[in-house]
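# What the coordinates show
In case you want the letters, here they are:
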Amino acid sequence: MSEAKGPKRLQPRMTRGGFRVQFVLWSLWTALQLVMVVGNLVVGTVWDLGDYLSLAALILGVAFLGFLLYVRHHDGHFWEEEEAKRADWDRRGRAL
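In this report, we go over the structure that sits alongside the text. Everything numeric in this text was worked out from a predicted model, so none of it was measured.

Here we come to helix α2 (residues 49–95). Taking 1.5 Å of rise per residue, 47 residues should cover 69 Å, and α2 covers 64 Å from first to last C-alpha, within 8% of that figure. Taken as a whole, α2 has its buried residues at D51, S54, A57, L58, G61, L65, L68, V71, D75, G76, F78 and W79. Residues of α2 that are buried in the fold lie against α1 (16–43).

This brings us to the side chain of N40. With respect to the element layout, N40 can be found in helix α1. Judged by its relative accessible area of 17%, N40 is buried. What N40 contacts, discounting residues up to four positions off in sequence, is T45, W47 and D51.

Where α1 meets α2, the closest approach of the two axes is 8 Å, and the angle between their N-to-C directions is 160 degrees. Comparing their axes, α2 and α1 come out roughly antiparallel. The way α1 lies across α2 gives a crossing that is left-handed.

For L34, the location among the structural elements is in helix α1. Since its relative accessible area comes to 44%, L34 is described here as partly exposed. Note: C-alpha distance between L34 and L58 (24 residues apart in sequence) is 6.2 Å.

Among the structural elements, Q33 can be located in helix α1. The class for Q33 is buried, based on a relative accessible area of 5%.

Time to look at the nonpolar core. By size, the foremost hydrophobic cluster in this structure holds five residues: M14, F19, L68, V71 and W79. In terms of residue count, the dominant contributor to this core is α2 (three residues).

Rules of the game
- Position numbers for residues start from 1 in each chain and track the written sequence from start to end.
- It should be noted that, the model being predicted, local features are given only for residues of pLDDT at least 70 and side-chain atom pairs only at 80 or more, the latter also being counted only at that level, while totals for whole chains, interfaces and linings use all residues.
- Heavy atoms throughout the structure, all of them, feed into the side-chain values; hydrogens and water do not.
- The way it works is that DSSP assigns letters per residue, a run of H or I at least four long becomes a helix, a run of E at least two long becomes a strand, and they are numbered from the N terminus.
- Given the number of residues in a helix, its expected span is that number minus one, multiplied by 1.5 Å.
- Relative accessible area decides the class of each residue, using a 1.4 Å probe on protein chains only: under 20% of the type maximum gives buried, over 50% gives exposed, and in between gives partly exposed.
- The contact definition used throughout considers only heavy atoms, calling two residues in contact when any of these lie within 4.5 Å.
- Angles run from 0 to 180 degrees between N-to-C directions of axes, and those axes are lines fitted to C-alpha atoms, restricted for helices to the stretch in contact.
- Reported orientations rely on four angle classes, namely roughly parallel under 35 degrees, roughly antiparallel over 145, roughly perpendicular from 65 to 115, and oblique for the rest.
- Crossing handedness: left-handed means the near helix sits turned counterclockwise from the far one by under a right angle, and right-handed means the same turn made clockwise.
- Among buried residues, the Ala, Val, Leu, Ile, Met, Phe, Trp, Tyr and Cys ones that are joined through side-chain atoms within 4.5 Å form a nonpolar core.

Scope: geometric values only; no functional claims are made or implied.
In structure tokens form, the structure reads like this:
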């Protein structure tokens, strides 16, 4: 049996590209919810269920962005190792 050396990844299937896509989508989602909540605060009307759902979605978006930054902090060195391996294979392929 081969044991993995070093620390394990938090999200084994998350690559740098996957992180970027999720980060962009969740950033847009959070920005949209922020605009909606600020718009409701500026208008100053009584909030209904949809307004509270927008606030909950904003909190969810901020929480998930925080989680993605946490994953990036802990998986960054794995992504760098993968890119170094890929660059080494490219360099060896060109040398042939």
